[in-house]
Structures are given as C-alpha cells and as structure tokens.
Amino acid sequence: MINPSNSYLYFFGCVIPNRYPGIEYAVRWVTGKDGFNLDVKDSQEFSCCPVPGIFYSTDKDTWLLLASRNLVLAQDERRQILTVCNGCLASLLKATEYLQEPKSMGKVNRVLAQIGKKYTGVPVRTEGKRRVFEPVKVRHYVELMVKDFGLDAIKEKTMHPLKNIRVAVHYGCHYLRPTEHATFEDPNDPVMIDNIVKACGATSVDYEDRLDCCGAGGGVRSHVVDLANALTLDKCAKISTAGADCIVTGCPFCLLQFDNAQKSLSKDGIPVMHVAQLQALAMGIDPISLGFDTHHVSAHSFLRKLKGY
Amino acid sequence: MKEVEKVFIGGLKEELMEDKVIDESQLAPGFAEEIKKYGGKDVMTCLQCGNCTGVCPISLKIDYKTRNIIKCCQFGLKKYILSTRWVCATCYRCYEHCPADLNPAEIMIALRHIAVREGIIPPFVKTAATNLVKYGQSVRPDEEIDKIRRELGLKPVHTHDPSFKSVIREIQVLVHASKYDKLIGIQEEVKV
C-alpha cells in the first residue's frame, strides 16, 4: 500500500488563473525546479472548489457533491491538494470533514456513481484484511511552505533580501477560522505569513485591527459591493497609517477585494500581492513575470523601492 | 458610508423595533426547527450576550446586528429575517466568541438556504451557478487575461481545453441530481 506521499496537485481555483495569472506564475516558479522543487503537477479535471459563499450558502448537498468530485481526483492520484486560496482551502477542507461521516459519504457516493466516481479517502495501510483510509489532505501554500520547508530554507533561497520593504500582512478569515478546520495557527495571533515576509528580508509592520476581514467574503462583495468596499478602505487607511509599502496576503479573493476597492481612491492605492509573488521577488525573479499589470493598483512605487531591479 | 447605512436601516430595524407591537400572525412557528434542518444549531440556546455582534465586522459598520437576527429567529419572525440582505461575510469571528457554541455564521447560512427555497435568490448566486455549469468555474473567463497568460508563458487555463467538456458534463449531472438547477432556476443551462 502506498503511503500518501509528499506529492501534490496544484489547485489554483477560479480567481488566480482568470484574474491574477502572475500569482500562478509565482507559485509555479517558487515550487518548481528553480525553487523548492516540489513533486507537484496539474490536474486537467479540477473544477471550482466550489466557492463557499455561493454553494455552501445555498445548498450544502450540491456543494459537497462538487467538492467531493475534486477530492476524488486527488485521491485517485494519491496526491495532496495544494491550494493557493483561502476559499478553496475552506471549501475542500470542510468537505473532507463532512465525508468523515459514513452516512454523508454514502449519500455522496450514490450520486457520484452516476459519473463513475467514488470517494473513499486515501488507503494508508491494512489492518488484517481491512484497509484503513485517511481523508484526502488539503494544504494551503503558506502552511506548506512554513511546515514542510521551514523558514531557514526560505531564507536560504532569498537571493535578493527585500531589505527596505515594509509589508502589511493580511491573513484573511478562512485561513484562520473556523478553527476546527484550519488548525495550523492561533487564530488570534497568526504568524506564518509574517515569518515568510521576514525570511524574505522584508519588515512586517504591525497595524491596527490587522486580523479584520477584507469585507468581501460570503457573497458580500457580489451582493453589496459598497459595504464590502467600505470595510476594505477602513483597513487600507489603517495600513496606510502604519506606512506600509504593500499588502501581502495568502488569498487571491482578499487580494482582488483590496485591489478593486482602492480603485475609488483619489490618491495612489497600496499595491497588493500574494505571498508567493513576494517570495518569488526575494528569490530573484524578474518582476515582469509576476503579472503586476493585471493588478488595478500599480505596483510601480513598490518596485521602484526595490533596489537592484 | 452614509448611503450604505441608509439602505440597511430599512427592513429590520424600522419595521420591527419601532412598531414595537408584533402581530401574532407574523410569527412562523417551527422556524427554529427549520433552521436546524439546514444545519444551524438551536437558536433557542442563544443567551443574547451580544459577543457575536461585538466582533462582527459588519455589525460594527452598519445597522445589521447579529444578535437581533438571532432574536428574530427565536421569535419566528421569518418574514423579516428573509427580507434582510445577505451581508454576513462568513468570517466566523462570532463562532469563535459564542459562549453558547451556537455558531451564528452557520445560522446565517441556514437562513440563506431557507431564503432560496422561498424563491429569494440574489442575482449573483444565479450568475455564479451559471458560470459553474458553463465554464466549470464560478468566475467568467477573460480574454485579456488569457492574452497576458500567453505573454507570461503560462499554458491556457485548463478549463478552455476541449477535453474539459467531459468535466462540464459531470458537473451538470451532479447539479441536476441534487436538483440545484431547478432550485436556482438555471435549468436551461443544464443539458443532461
């Protein structure tokens, strides 16, 4: 029996490939042969996770079916799922938890049979004649980096320390909560993204209410965009007071919200990037590959401050 | 912020709190049970301590108070509840702070389940569901971005590949099997 090895399937979700391809480039580069050389590949069959703010909110049965379909793909490949988005993480992680319940797994499998699929979890060992299964592992880029590679490795790969850069870290809600699913950090004092920022040579600045929501989740951005933007701009003002050069987050949906909400500002906004983009910069990538021109807030001021580019 | 506030003070607060007298005919008995059916915990165990409201980013900004919503659920004021906007960001802060372990965010989600079954379906839900059964993703593909992907040397998004049609079919089979197409009103998009 094969142990679930440390091999992965990229799960980029919807927002990254279709809105911020520079994040995809950064993640592939950091995890690829020029970087951490992870055993990771693409699946041609992944669909939307599906997005919790829509499907988990309106029909849990449909949400679980669609999420299970994605999990089966990873299960059959004996690979872990590597998410780069808090929403994908929350949706898929929660689905593995639901599927632990035999009744719920049976119900899902009765429908999945119509498309020739079955969720069992990953077989890890046999006890007598019985096979023991574990849920498909769903990982987030940030915790994978910190837990599996460690900060020393990140520091070692930092060719261009981002010495004079002041970063405001935004974690995003579904990376931290609910705590029964996302258990890698203390939800009241998360540190992993800050530590990556520091390992990249930059300074992580403290600011008021740093753990506040971006305002976009749960369909608020789609439903009442003014309200979502009001929350985001509040947070941006606090970040601005702290004198940050950029906002770094682990979630492309939070990124999209910060990026879009700042369009209404009369002055220049604060550039927003994914933690993988920051890491790629520290590892010496040419910023042109990071697709900053798809971001609404220009990264110009930030890039100018990076010496040597 | 002024305009947002104006929009939200309507509905719940004015009708409920200022009328003061609630006619019995407006109550929906068994509302708490209905919430449980869709995965919410028992709203009757809410202590009305207000912790959820104190940590709610939305409650701090506008006149939408989590505690009031739960109180209305206890009364069975279904009509009022379902007319409020979907402004819970599902940040789960309330869940972390609820001494009754009620998980108010999940109650908001149960309320949305009830709302769509009463035919209250915000347009964005329909849009995202349509995108999913058409493209396999809830975000619509963008030609400009596809161009930038080529410039960066990235492969086209896998959902554009002709072989992805079989995945779209699988998604449509699942959406049809759970009757979600009928629930949301996207039957014409699902060809199973």
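Treat the numbers as computed from the prediction; the structure is a model and nothing was measured. (Residues numbered from 1 in each chain as written. Chains lettered and ligands numbered in written order. Predicted model: local features only at pLDDT ≥ 70, side-chain atom pairs only at ≥ 80, totals over all residues. Heavy atoms only, no water.)

### Some words on the interface of chain A and chain B
Taken together, the contact between chain A and chain B spans 61 residues of the former and 57 residues of the latter. The contact between chain A and chain B buries some 5,200 Å² in all, and 63% of this surface belongs to carbon and sulfur atoms. For chain A, the biggest contributors to the area lost against chain B are Asn18(A), Thr58(A) and His223(A); these three give 12% of the whole. Linking chain A with chain B are 8 salt bridges. (Contact = heavy atoms within 4.5 Å. Buried area = accessible area lost by both parts, 1.4 Å probe. Salt bridge = Lys/Arg side-chain N within 4 Å of Asp/Glu carboxyl O.)

### Topic: the sheet that holds strand E3 (residues 80-83) of chain A
Residues and elements named next belong to chain A. Taking strand neighbours across the sheet as the criterion, the 4 strands line up as E2-E1-E3-E6 in an open arrangement whose pairing is parallel. Both edges of this open sheet fall to strand E2 (39-41) and strand E6 (138-140), since each of them pairs with a single strand only. Direction aside, the axes of adjacent strands within the sheet are offset by 35° on average. Note: E3 against E6, 3 bridges, orientation parallel. Residue Leu82 lies in a different strand from E6, and its bridge partner there is Arg139. Its contacts with the sheet put helix H5 (residues 86-99) on strand E1 (7-11), E3 and E6, and the angle it makes with E6 is roughly 155°. Its contacts with the sheet place helix H7 (residues 141-149) against E1, E3 and E6, and it is angled at close to 85° to E6. (Pairing = 2+ DSSP bridges. Helix = DSSP H or I, 4+ residues; strand = E, 2+ residues; numbered from the N terminus. Axes fitted to C-alpha atoms, helices over the stretch in contact; angles between N-to-C directions.)

### Quick notes on helix H14 (residues 275-282) of chain A
The α-helix winds at 3.6 residues per turn, so residues separated by three or four positions along the chain end up facing the same way. All names here are of chain A. Extensive coverage of H14 is indicated by the burial of 8 of its 8 residues. For H14, every residue scored as buried is listed here: Val275, Ala276, Gln277, Leu278, Gln279, Ala280, Leu281 and Ala282. Backbone geometry just downstream of H14 places Gly284 in the positive-phi region, at approximately 100°. (Buried < 20%, exposed > 50% of the residue type's maximum accessible area, 1.4 Å probe, protein only.)

### Here we look at the packing of aromatic side chains
Taken as a whole and judged by the stated rule, the model has 11 aromatic pairs over all chains. On the basis of an interplanar angle of 90° and a centroid distance of 6.5 Å, the ring pair of Tyr56(A) and Tyr98(A) is categorised as edge-to-face. You can see Tyr56(A) sitting in helix H3 (residues 52-58) and its partner Tyr98(A) sitting in helix H5, a full 42 residues away along the chain. Classification of Tyr56(A) as buried rests on a relative accessible area of 4%. The lysine or arginine in question, Lys79(B), covers the ring of Tyr80(B), its NZ or CZ lying 5.7 Å from the ring centre. (Phe/Tyr/Trp six-rings, centres within 6.5 Å; stacked < 30°, edge-to-face > 60°. Lys NZ or Arg CZ within 6 Å of the ring centre and 35° of its normal.)

### A look at the environment of Lys163(A)
Residues and elements named next belong to chain A. Among the secondary structure elements, Lys163 is positioned in the loop between helix H8 (151-156) and strand E7 (166-170). Among the residues examined, Lys163 registers a relative accessible area of 68% and is labelled exposed. Sequence separation between Lys163 and Thr203 is 40 residues; the distance between their C-alpha atoms is 7.6 Å.

### Structural notes on the environment of Tyr180(B)
Mapped onto the fold, Tyr180(B) is located in helix H12 (residues 180-184). Residue classification places Tyr180(B) among the buried positions, given a relative accessible area of 1%. Residues Tyr180(B) and Ser83(B), 97 residues apart in the sequence, show an inter-C-alpha distance of 22 Å. With residues up to four places along the chain from it excluded, the contact list for Tyr180(B) reads Ile54(A), Phe55(A), Thr58(A), Asp59(A), Thr62(A), Val125(B), Ala129(B) and Val175(B).

### Brief notes about the sheet that holds strand E8 (residues 203-204) of chain A
Residue and element names in this part refer to chain A. Judged by pairing direction, the sheet is parallel, and its 4 strands sit side by side in the order E8-E7-E9-E10 without closing on themselves. Sheet topology places E8 and strand E10 (272-274) at the edges, where each strand pairs with a single neighbour. For E7 and E8, the ladder comprises 2 bridges, and the chain directions are parallel. Paired with Arg166 across the bridge in E8 is Thr203. Of the strands in this sheet, E7, E8 and strand E9 (246-249) are in contact with helix H10 (residues 192-199), which crosses E7 at around 160°.

### Digging into a nonpolar patch on the surface
There is a patch of nonpolar side chains on the surface, built from Ile22(B), Leu27(B) and Phe75(B) and spanning about 240 Å² of accessible area. Turning to its location among the elements, Ile22(B) is positioned in the loop between helix H2 (12-17) and helix H3 (31-37). (Patch = residues over 30% accessible without salt bridge, like charges linked within 9 Å, V, L, I, M, F, W, Y side chains within 5 Å. Areas by Shrake-Rupley, 256 points an atom, 1.4 Å probe, with all protein chains shown as cover.)

### Focus: the layout of surface pockets
Put simply, the second largest pocket is a space of about 490 Å³. If you trace the second largest pocket, you find 17 residues lining it, with Lys60(A), Asp61(A), Leu64(A), Tyr98(A) and Lys107(A) closest to the centre. Broken down by secondary-structure element, the contributors of at least two residues to the lining of the second largest pocket are helix H4 (60-77) and helix H6 (102-112) of chain A together with helix H8 (104-117) of chain B. Each residue belonging to the lining of the second largest pocket can be placed in one class, and the counts come to 7 nonpolar, 4 polar and 6 charged. (1 Å grid on protein atoms, 1.4 Å probe; cavity = no way out; pocket = protein on both sides within 12 Å on 5 of 7 lines; lining within 4 Å. Points joined across faces, edges and corners; volume = space filled by probe spheres on them. Nonpolar A, V, L, I, M, F, W, Y, C, P; charged D, E, K, R; others polar.)

### Some points on helix H10 (residues 143-152) of chain B
Along H10(B), the residues classified as buried are Ile145(B), Asp146(B), Ile148(B), Arg149(B) and Leu152(B). Seen from one end, H10(B) has its buried residues packed into an arc of 160°, which puts them on one side. Exposed residues pointing more than 90 degrees away from the buried face of H10(B) are listed as Glu143(B), Arg150(B) and Glu151(B). The elements touched by buried residues of H10(B) are helix H1 (15-19) and helix H2 (21-31) of chain A. Two or three places before Glu144(B), at the opening of H10(B), Asp142(B) has a side-chain oxygen 2.8 Å from that residue's backbone nitrogen. Looking one or two residues past H10(B), Gly153(B) carries a phi angle of roughly 85°, positive in sign. (Arc of directions from axis to C-beta. Polar contact = N/O pair within 3.5 Å; in protein donor to acceptor, adjacent residues only side chain to side chain.)

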